[in-house]
Amino acid sequence: MRFAGRYSGSSFSELLAVDYPQLLPDLSRLSGSLDPSKVPHGTTVLSFKYADGVVVAGDRLATEGNRVASRDIEKVLPTDAHSLIAIAGAAGPALEMARLMRIELEHYEKIEGEPLELDGKANKLSQMVRANLPAAMQGMVVVPLFAGYDLRRHQGRLWKFDVTGGRYEETDFEATGSGGLYARESLKKSHRNDISREEGLSVAIRALTDAADEDRATGGVDLQRRIFPIVDCCTAEGITRASDAEIEGAYLSLAGVR
Amino acid sequence: MSMPFYVSPEQVMQDKAEYARKGIGRGKSSVTLEFEGGVVLMAENPSSLMKIGEIYDRIAFAGVGKFSEFDQLRKIGVRYADTKGYAYSRDDVRAKALANAYSQAIGDAFTRELKPLEVEVIVAEVGDPTLAGHEKNAIYRVQFDGSISDHEGYCVIGGSADDLGNLLRAEYRPGLSLGEALQLGRRALQRAAEGQPQVTSENLEVCVLERGRVGRKFHRLGTDTLREHLGD
């Protein structure tokens, strides 16, 4: 590994592109087409605002076509102390994108001496999604959600993206992935921006359960194997992950209502 | 055609070393100390241009001398560490390899370039008791000619490094609390600043690699926290 390269800016992905192109995940030179059903895909993730910030949640299933690829994949990943990415689509490139995003934010903070603004982070992610477009054309679609707490504006914020890198800030909630439509329908009925953390857990679990009900590729709560969805809350204080016991409690009280 | 003057290699090296020492001597010193909870790096620095920086999860950097030169080295170190951690794993990024790379680069500049780098740097790493073989702290010092040394307990860089080293040799003992380490470090920097304004919480830059933290161990101590520890 060379010590000093040619690049002198503050972006890690640009550093890789200039000095270490062999390390960059680049599926754009693929020729022919790859059957997307041969590659693990993540399914349903969602995010919404609540009283103290934002909630980001996702089920744990990954599928290859109609087969289970993983029952306990983690699709909600903190990118720094106050932001998270939730991934849906081709799991390999999506997880790599999340990892690169995390290093990108840390790298910028270390080089510049201060972190990027939340808008800057979302913008950077949209460039990474756009860079994946050639792979998306081959079926390796990655469509993340990005959410975080804006320490300057004192509020939770969230964004969705399309495959071309289009970046759309949402005012209330968003869900994506194969069960995203059903999760959104559920959120539309049960979500408000001023709910408490406890209500938020319940709303998240309800939406994921509704998605799992209608979409066979979404995992939901698996009481037999004791695999629970991930629900992270991001506030001014940072990110906390709900415990399995909390999620089980929210699920059981929800199941009691049904 | 004019003949170039002959200058002996010894003379060239001596001149370069003297030039670098002079440059470094103009700036202020920086102290790194091990304490019970990790490693603390301190520098007298009234400006907002930082002399101490985070390199990676368990690694920090401190530089003295010409700001533009050591800050460039710091950035190169961050790029090196992040790339290595991305290509391999986060635990593969170690202070020793980085200090060696600095030693090579600074040594190269000293022999090849007309003007040597007027810098001295410290690379410090806090140990991780949960990883076999990574338990111990490490402190490396790289000088302007590329010479590298490792230090246990404490290390000083800068113009008055020898003088401060003597003070620390007499007063340092292992297992200091953070407060004790900060007070000792301040005393050392105060001696270097003889005849100058007091070294206080306002003009100290202090960063800690704290073993007990999860993930990134590096953090900066604010003026209020320093005031609590130093009592001023």
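Heads up: the structure comes first, above all this text.
What this report covers is the structure whose coordinates are included nearby.

Parameters and conventions
- Residues numbered from 1 in each chain as written.
- Chains lettered and ligands numbered in written order.
- Predicted model: local features only at pLDDT ≥ 70, side-chain atom pairs only at ≥ 80, totals over all residues.
- Helix = DSSP H or I, 4+ residues; strand = E, 2+ residues; numbered from the N terminus.
- Rg over C-alpha atoms; globule rule 2.2 N^0.38 Å.
- Buried ≥ 20, exposed ≤ 12 C-beta atoms within 10 Å, placed from the backbone.
- Contact = placed C-beta atoms within 7 Å.
- Nonpolar A, V, L, I, M, F, W, Y, C, P; charged D, E, K, R; others polar.
- Pairing = 2+ DSSP bridges.
- Axes fitted to C-alpha atoms, helices over the stretch in contact; angles between N-to-C directions.
- Core = buried A, V, L, I, M, F, W, Y, C linked by C-beta atoms within 7 Å.
- Arc of directions from axis to C-beta.

### Side note on the overall build of chain B
Broken down by element type, chain B carries six helices and ten strands. For chain B, the C-alpha radius of gyration of 18 Å lies close to 17 Å, the compact-globule estimate for 232 residues. Judged by the C-alpha coordinates and their principal axes, chain B covers about 70 × 50 × 30 Å. Relative to its full complement of 232 residues, chain B shows a buried share of 44%. Long-range contacts, defined as pairs at least 24 residues apart, comprise 65% of the intrachain contacts of chain B with a sequence gap of at least 6.

### Describing the overall build of chain A
In terms of helices and strands, chain A carries seven helices and 14 strands. What you see for chain A is a C-alpha radius of gyration of 18 Å, in line with the 18 Å of a compact globule of 258 residues. The C-alpha extent of chain A, read off along each of the three principal axes, is 60 × 45 × 30 Å. Residues counted as buried form 47% of the 258 residues belonging to chain A. Taking contacts inside chain A between residues at least 6 apart in sequence as the whole, the part at least 24 apart equals 67%.

### Topic: the interface of chain A and chain B
Taken together, the contact pairs twelve residues of chain A with 16 residues of chain B. In terms of residue count, helix H2 (residues 91–112) of chain A provides more of the side of chain A that touches chain B than any other element does, four residues in total. By residue class, the composition of the side of chain A that touches chain B is nine nonpolar, two polar and one charged.

### A look at the sheet that holds strand S9 (residues 145–150) of chain A
Residue and element names in this part refer to chain A. Here we have five strands laid out as an open sheet, ordered S6-S7-S9-S10-S11, and antiparallel in their pairing. Bordering the open sheet on either side are strand S6 (76–80) and strand S11 (167–170), each of which pairs with just one other strand. Between one strand axis and the next, the sheet turns through 25° on average, direction left out of account. Sheet analysis places S9 next to strand S10 (residues 155–161), joined by six bridges and oriented antiparallel. Pairing of Leu 145 across the sheet is with Lys 160, part of S10. Set on the sheet, H2 makes contact with S6 and strand S7 (83–86); between it and S6 the angle comes to about 20°.

### Side note on the nonpolar core
Note on soluble globular proteins: their nonpolar side chains tend to be buried together. Core analysis: the biggest nonpolar cluster contains 70 residues, and A:Leu46, A:Val56, A:Ala57 and A:Ala204 have the highest contact counts within it. Sorting elements by how many residues they give to this core places H2(A) first, with nine residues. A:Leu46 has contacts with A:Ala57, A:Phe173, A:Glu174, A:Ala175, A:Ala183, A:Leu187, A:Ala204 and A:Ala207, leaving out every residue within four places of it along the chain. Grouped together as the second largest cluster of nonpolar side chains are 65 residues, B:Met42, B:Leu73, B:Val119 and B:Cys207 included.

### A look at the pairing of strand S13 (residues 230–235) of chain A
All names here are of chain A. Here S13 lies mainly inside the structure; five of its six residues are buried. Pairing of strand S3 (residues 53–58) with S13, which is carried by six bridges, proceeds in the antiparallel orientation. Bridge pairing in S13 links Gly 53 to Thr 235. Pairing geometry for S13 and strand S14 (residues 238–241), over four bridges, is antiparallel. Bridge pairing in S14 links Thr 235 to Gly 238.

### Side note on the pairing of S3(A)
Among the six residues of S3(A), six are classified as buried, and the element is accordingly described as predominantly covered. As consecutive antiparallel partners, strand S2 (residues 45–50) of chain A and S3(A) are separated by two residues.

### Regarding the sheet that holds strand S10 (residues 218–220) of chain B
Residues and elements named next belong to chain B. The sheet built from five strands is open, its strands ordered S8-S1-S2-S9-S10 with antiparallel pairing. Either end of the sheet is taken by a strand with one partner, and the two such strands are strand S8 (154–157) and S10. Ignoring strand direction, the axes of neighbouring strands in this sheet form an average angle of 15°. Relative to S10, strand S9 (residues 204–210) runs antiparallel, the two being bridged by three bridges. Within S10, the position partnered with Leu 209 by the bridge is Phe 218. Sitting on the sheet, helix H5 (residues 178–192) is in contact with strand S1 (30–35), strand S2 (38–44), S8 and S9, with an inclination near 155° to S1.

### Considerations on unusual backbone geometry
Residue and element names in this part refer to chain A. Here His 154, not a glycine, exhibits a phi torsion of approximately 55°, which is positive. Note that His 154 resides in the loop between S9 and S10. According to the C-beta neighbour criterion, His 154 is exposed, with 9 such atoms within 10 Å. Of note, the phi angle at Arg 226 is positive, near 55°, even though the residue is not glycine.

### Quick word on the environment of B:Ile76
Relative to the assigned elements, B:Ile76 resides in helix H2 (residues 67–87). Sequence separation between B:Ile76 and B:Gly159 is 83 residues, and the spatial gap between their C-alpha atoms is 24 Å. Ignoring sequence-local partners within four residues, the contact set of B:Ile76 consists of A:Phe3 and A:Ala4.

### Concerning helix H5 (residues 180–190) of chain A
All names here are of chain A. Turning to H5, its buried residues number three or more, namely Gly 180, Tyr 182, Ala 183, Ser 186 and Leu 187. For H5, the angular spread of the buried residues around the axis is 160°, confining them to a single face. The exposed set on the far side of H5, more than 90 degrees from its buried face, consists of Lys 188 and Lys 189. Turning to H5, the residues buried within the fold contact S2, strand S12 (173–176) and helix H6 (197–214).

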